[in-house]
Amino acid sequence: MNNPAGPSYPMASLYVGDLNADVTEAMLFEKFSTAGPVLSIRVCRDMITRRSLGYAYVNFQQPADAERALDTMNFDTIKGRPIRIMWSQRDPSLRKSGVGNVFIKNLDRSIDNKALYDTFSAFGNILSCKIVSDENGSKGYGFVHFETEEAATSAIEKVNGMLLNGKKVFVGRFMSRRERIEQMGDKAKKFTNVYIKNFGEELDDDKLMEICEEFGKIISAKVMTDMGGKPKGFGFVSFEDADGAEKCVDEMHGKEVNGRMIWCGRAQKKTERMGELKERFERRKIERINRYQGVNLYVKNLDDNIDDERLRKEFSQFGTITSARVMMDGTRTRGFGFVCFSSPEEATKAVTEMNGRIVVAKPLYVALAQRKEDRKQHLASQYMQRVSGLRIPGGQQMNQMFGQPGGAGGGYFVPQMAQPQRFFNPAAQMGQVRASPRWQGPQQTGFQGMAGGAPIRTPRQPGQANMRAATSARPITGQQPVPGQRVGVPQAVPPARPTAMAAGGMPRPQYKYTPAMRNPPPQATMQQAPAVAQVPQQAVHVPGQEPLSAAMLAAAPPQEQKQMLGERLFPLISGMYSDLAGKITGMLLEIDNSELLHMLEVPESLKAKVEEAVAVLQAHQAKETK
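Conventions we followed
Residues numbered from 1 in each chain as written. Predicted model: local features only at pLDDT ≥ 70, side-chain atom pairs only at ≥ 80, totals over all residues. Heavy atoms only, no water. Helix = DSSP H or I, 4+ residues; strand = E, 2+ residues; numbered from the N terminus. Buried < 20%, exposed > 50% of the residue type's maximum accessible area, 1.4 Å probe, protein only. Contact = heavy atoms within 4.5 Å. Areas by Shrake-Rupley, 256 points an atom, 1.4 Å probe, with all protein chains shown as cover. Phe/Tyr/Trp six-rings, centres within 6.5 Å; stacked < 30°, edge-to-face > 60°. Lys NZ or Arg CZ within 6 Å of the ring centre and 35° of its normal. Pairing = 2+ DSSP bridges. Axes fitted to C-alpha atoms, helices over the stretch in contact; angles between N-to-C directions. Core = buried A, V, L, I, M, F, W, Y, C linked by side-chain atoms within 4.5 Å. Salt bridge = Lys/Arg side-chain N within 4 Å of Asp/Glu carboxyl O. Patch = residues over 30% accessible without salt bridge, like charges linked within 9 Å, V, L, I, M, F, W, Y side chains within 5 Å. Lys, Arg positive; Asp, Glu negative; His and termini not counted. Charge placed at Lys NZ, Arg CZ, Asp CG, Glu CD. Polar contact = N/O pair within 3.5 Å; in protein donor to acceptor, adjacent residues only side chain to side chain. Arc of directions from axis to C-beta. Parallel < 35°, antiparallel > 145°, perpendicular 65-115°, else oblique. Nonpolar A, V, L, I, M, F, W, Y, C, P; charged D, E, K, R; others polar.

Enquirer: Looking at this structure, I do not really get the overall build of the protein chain. What am I missing?
Expert: Scanning the protein chain from N- to C-terminus turns up 20 helices and 25 strands. Burial status across the protein chain gives 36% buried among its 626 residues. Taking as baseline every contact in the protein chain between residues at least 6 positions apart, the subset at least 24 positions apart corresponds to 59%. Summed over its atoms, the accessible surface of the protein chain is roughly 37,600 Å², and 52% of this surface lies on carbon and sulfur atoms.

Enquirer: In this structure, what is going on with the packing of aromatic side chains? I would like to understand it.
Expert: Both the distance between ring centres and the angle between the ring planes are used here to describe each pair of aromatic rings. Applying the stated criterion across every chain, the model contains 19 aromatic pairs. Aromatic pair Tyr-298 and Phe-338: ring centres 5.7 Å apart, planes at 50 degrees, arrangement tilted. Of the two residues, Tyr-298 sits in strand 19 (residues 296-300) while Phe-338 sits in strand 21 (residues 332-341), which places them 40 residues apart along the sequence. Here a set of aromatic residues connected by ring pairs shows up, and it is made of Phe-103, Tyr-141, Phe-143 and Phe-174. Over the aromatic face of Phe-170 sits the side chain of Lys-105, whose NZ or CZ is 5.2 Å from the ring centroid. The cationic tip of Lys-197 hangs over the ring face of Trp-263; the distance from NZ or CZ to the ring centre is 5.3 Å.

Enquirer: In this structure, what is going on with the sheet that holds strand 9 (residues 137-146)? I would like to understand it.
Expert: The sheet built from four strands is open, its strands ordered 8-9-7-12 with antiparallel pairing. The two strands at the open ends of the sheet, each matched to only one other strand, are strand 8 (126-134) and strand 12 (170-173). Recorded for the sheet is a direction-independent mean angle of 20 degrees between the axes of neighbouring strands. With seven bridges joining them, strand 8 and strand 9 adopt antiparallel strand pairing. Counterpart to Ile-126 in the pairing with strand 9 is Phe-146.

Enquirer: Could you clarify how one ought to interpret the nonpolar core in this entry?
Expert: A general trend in soluble globular proteins is that nonpolar side chains are found buried together. In this structure, Leu-548, Leu-565, Ile-584, Leu-588 and Leu-596 are the most contacted members of the largest nonpolar core, which totals 25 residues. Elements that contribute at least two residues to this core include exactly helix 16 (550-555), helix 17 (558-574), helix 18 (581-588), helix 19 (593-601) and helix 20 (603-625). Examining the composition of this core, we find that five residues originate from one element, helix 20, more than from any other. Those residues in contact with Leu-596 that lie beyond four places of it in its chain are Lys-562, Leu-565, Leu-569, Leu-588, Leu-589 and Ile-591.

Enquirer: What should I look at first to understand the pattern of salt bridges in this one?
Expert: Side-chain pairs of opposite charge can arise whenever the charged atoms involved come near each other. Per the stated rule, a full pass over the model turns up 15 salt bridges. A salt bridge links Asp-205 to Lys-222; the nearest nitrogen and oxygen atoms lie 4.0 Å apart. Of the two residues, Asp-205 sits in helix 7 (residues 205-212) while Lys-222 sits in strand 14 (residues 218-225), which places them 17 residues apart along the sequence. Lys-222 gets classed as partly exposed once you look at its relative accessible area, which sits at 45%. Ionic pairing is found between Lys-583 and Asp-303, a salt bridge with its closest N-O pair at 3.7 Å. With Lys-583 in helix 18 and Asp-303 in the loop between strand 19 and helix 10 (308-315), this pair connects stretches of sequence that are 280 residues apart. One salt-bridge network, in which partners are shared between bridges, spans Asp-18, Arg-84 and Lys-130.

Enquirer: Looking at this model, I keep getting lost on the pairing of strand 14. Mind explaining?
Expert: A regular strand places its side chains so that they alternate between the two faces of the sheet. Both strand 14 and strand 15 (residues 231-239) contribute to a ladder of six bridges, which runs antiparallel. Paired with Ser-220 across the bridge in strand 15 is Ser-238. What sits between strand 14 and strand 15 in their antiparallel hairpin is a turn of five residues, with Gly-229 showing a positive phi close to 85 degrees.

Enquirer: What's the story with a negative patch on the surface in this structure? I'm lost.
Expert: A cluster of acidic residues, Asp-204, Asp-206, Glu-210, Glu-213, Glu-214, Asp-241, Asp-243, Glu-246, Asp-250 and Glu-251, forms a negative patch at the surface. If one sorts the elements of the negative patch by residue count, helix 8 (residues 242-252) sits on top with four residues. Positionally, Glu-251 belongs in helix 8. Overall, the relative accessible area of 47% leaves Glu-251 in the partly exposed class.

Enquirer: Even after reading the chapter, I still don't get the side chain of Asn-113, so can you show me in this structure?
Expert: Mapped onto the secondary structure, Asn-113 falls in helix 4 (residues 113-120). Among the residues examined, Asn-113 registers a relative accessible area of 12% and is labelled buried. At 3.4 Å, the side chain of Asn-113 forms a polar contact with the side chain of Asp-18.

Enquirer: Would you mind showing me how to read helix 4 here?
Expert: Residues of helix 4 that are buried: Asn-113, Leu-116 and Phe-120. The buried residues of helix 4 occupy an angular sector of 70 degrees when the element is viewed end-on, so they sit on one face. Those residues of helix 4 hidden inside the fold are in contact with strand 6 (84-87), strand 7 (101-105), strand 8, strand 9, helix 5 (149-159) and strand 12.

Enquirer: Could you clarify how one ought to interpret unusual backbone geometry in this entry?
Expert: A positive phi angle, near 55 degrees, is found at Asn-165, a position not held by glycine. Of note, Asn-165 is situated in the loop between strand 10 (163-164) and strand 11 (167-168). In this structure, Asn-198 is a non-glycine residue whose phi angle is positive, near 70 degrees. Mapped onto the elements, Asn-198 comes out in the loop between strand 13 (193-197) and helix 7.

Enquirer: Please clarify how helix 2 (residues 63-73) should be interpreted in this entry.
Expert: Count 3.6 residues to each turn of an α-helix, and residues three or four apart come out pointing the same way. Among all positions in helix 2, only Pro-63, Asp-65, Ala-66, Ala-69, Leu-70 and Met-73 are buried. In a view along the axis of helix 2, the buried residues occupy a sector of 165 degrees, so they form one face of it. For helix 2, the exposed residues lying more than 90 degrees away from the buried face are Asp-71 and Thr-72. Contacts from the buried residues of helix 2 go to strand 1 (13-17), helix 1 (25-32), strand 3 (52-60) and strand 6. Phe-75 sits one or two positions beyond helix 2 and adopts a positive phi of about 70 degrees.

Enquirer: Honestly, the sheet that holds strand 21 in this entry has me stumped. Any pointers?
Expert: Paired through backbone hydrogen bonds, the strands of a sheet run either parallel or antiparallel to each other. Read from one edge of the open sheet, four strands run 20-21-19-24, paired in antiparallel fashion. Both outer strands of the open sheet, strand 20 (321-329) and strand 24 (365-368), are each paired with one neighbouring strand and no more. Each strand of the sheet is rotated relative to its neighbour by a mean of 20 degrees, with strand direction disregarded. Here seven bridges tie strand 20 to strand 21, and the two strands are oriented antiparallel to one another. Within the sheet, the bridge partner assigned to Asp-329 lies in strand 21 and is Arg-332.

Enquirer: Would you explain the packing of helix 18 against helix 20 in this entry?
Expert: The geometry of a pair of packed helices is captured by two quantities: the angle between their axes and the separation between those axes. As a packed pair, helix 18 and helix 20 sit with axes 10 Å apart at the nearest point and diverge in direction by 110 degrees. Judged by the angle between their axes, helix 18 and helix 20 are roughly perpendicular. Packed against helix 18, whose contacting residues are Lys-583, Ile-584, Met-587 and Leu-588, the element helix 20 presents Leu-606, Lys-609, Val-610, Ala-613, Val-614, Val-616 and Leu-617 at the interface. Broken down by class, the residue content of the contact of helix 18 with helix 20 amounts to nine nonpolar, no polar and two charged.

Enquirer: How should I be thinking about the environment of Asn-106 in this particular structure?
Expert: Among the structural elements, Asn-106 can be located in the loop between strand 7 and helix 4. Separated by 58 residues in sequence, Asn-106 and Leu-164 place their C-alpha atoms 9.3 Å apart. Not counting residues up to four positions away in its chain, the partners in contact with Asn-106 are Gly-140, Lys-167, Lys-168 and Val-169. From its side chain, Asn-106 meets the backbone oxygen of Lys-168 in a polar contact 2.4 Å long.

Purely geometric stuff here, so don't read any function into it on its own.
Here it is, written out as structure tokens:
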């Protein structure tokens, strides 16, 4: 079906701001679908925490519907907060140019976004309107962005100096901080208020004025006190001219008064001071990151007996160590630490040689140290890749497409159909959602022999490229199995279907051999082999963990396979030997993955291996005590 509104998507997109953190795509769809057919909705979220950023984009099929929503729903309340709607402007140059943008200050606290919009809408079409506020409400100033510069000029001429709710407001052209500083010139560097600290409790207002009056005429001097009137050791001095204030800073900073070193500087607003401190902190952090990039190693799974000296000794063979530290919780080790080398080459060599090496009966995990933010982002990306690899039953796939919590999707997608619909047709849409399998859940087994039953779908193993052709179970393609046919048993291929090619490239016969036939040809054997493999593998279930099967383990990256097995072994071993669970788990992880999976499936095998590991540990401890 051709969509007449296709070329008009940019004009049919709305920005919805000032959203409550709990607002979801479903809520917005319910709200905006009353204005017309909605194409898609997306609430923008933090990449790591997935928390709402407070704004969303709503895309309509028709520009007229978007305009209707803008006119009728702007400043409506959702979850106790009025929403702010404007046309989505993807090009930031219009927003940053300042053309048509007006700044208003000295506003009464009772004036909100809607009142400001109603006041200025008489002068022209408004693209955006916002009152700046914090947790306490309005901060007394805001911005209005007009579509044209003429409308902005008219608003400045008519409203500047007027009374709004009993307060005289200032309306002027919006100027960026850089433009304001350039306009002020040298005045921006001049100041008259001086901040003085670290003079103790000896000075009061009069003594502070007496010390500073030699630098120029003073308007006021104030020493800050607590609730009991006791001086807090800092204060402010206001000079009549900037020269006196500058001279006071030059003379007083670093001067000793009553045995204390005085700090003196320009008085700053809290926001300005916090901005400077944040910039200084970020600069130092970047310097520190660059200094330790590629040379700092993270070491975990350390034995309880390893201290800083033992850690340094184990890694000293690979180069010069600048620091080595085992992280402690009081007097007890936390099981991990850091080793810093003098060069990246030495650190790389240490990672290659020491990762997986057993030190005091436990294999070490060694890798380059990461910042907390980088590690969170890496783990989040791994999680998203793992979730996107799941093949979920139909109902959950619908939730995924609708952006519900059960799905990995981040948007609210509404498919285009001949008639606007608010809900999906699972039978029509299921073929559009295809993801690679992560594991085979037990609930996926369908009723065998029923015409409409869900066919069994197993994860694809290496070498199973032609497995799907060997069975008539064809899930998620709109085809139904033949009534009475058992899933996983090879059947004769109907003549209407294209002939499937066997592994050797020869066409498969379009008839079925009887099980009692002697010396069947190789083709029949080849037909039956993949069909047997179609039986779902039994997944291992450990409380608190997702099911684990051989296919799931094979699909994971090699570096994650041991971790997946260890996460499931540890709680089982803790039930047997809680105090030795960490050591025993580390020892068992040296065993081949297939045998570990068998141990998870057969508790008797696991128990036998655990007993062997305990015997080894006891013998080792007895040897050390001698």
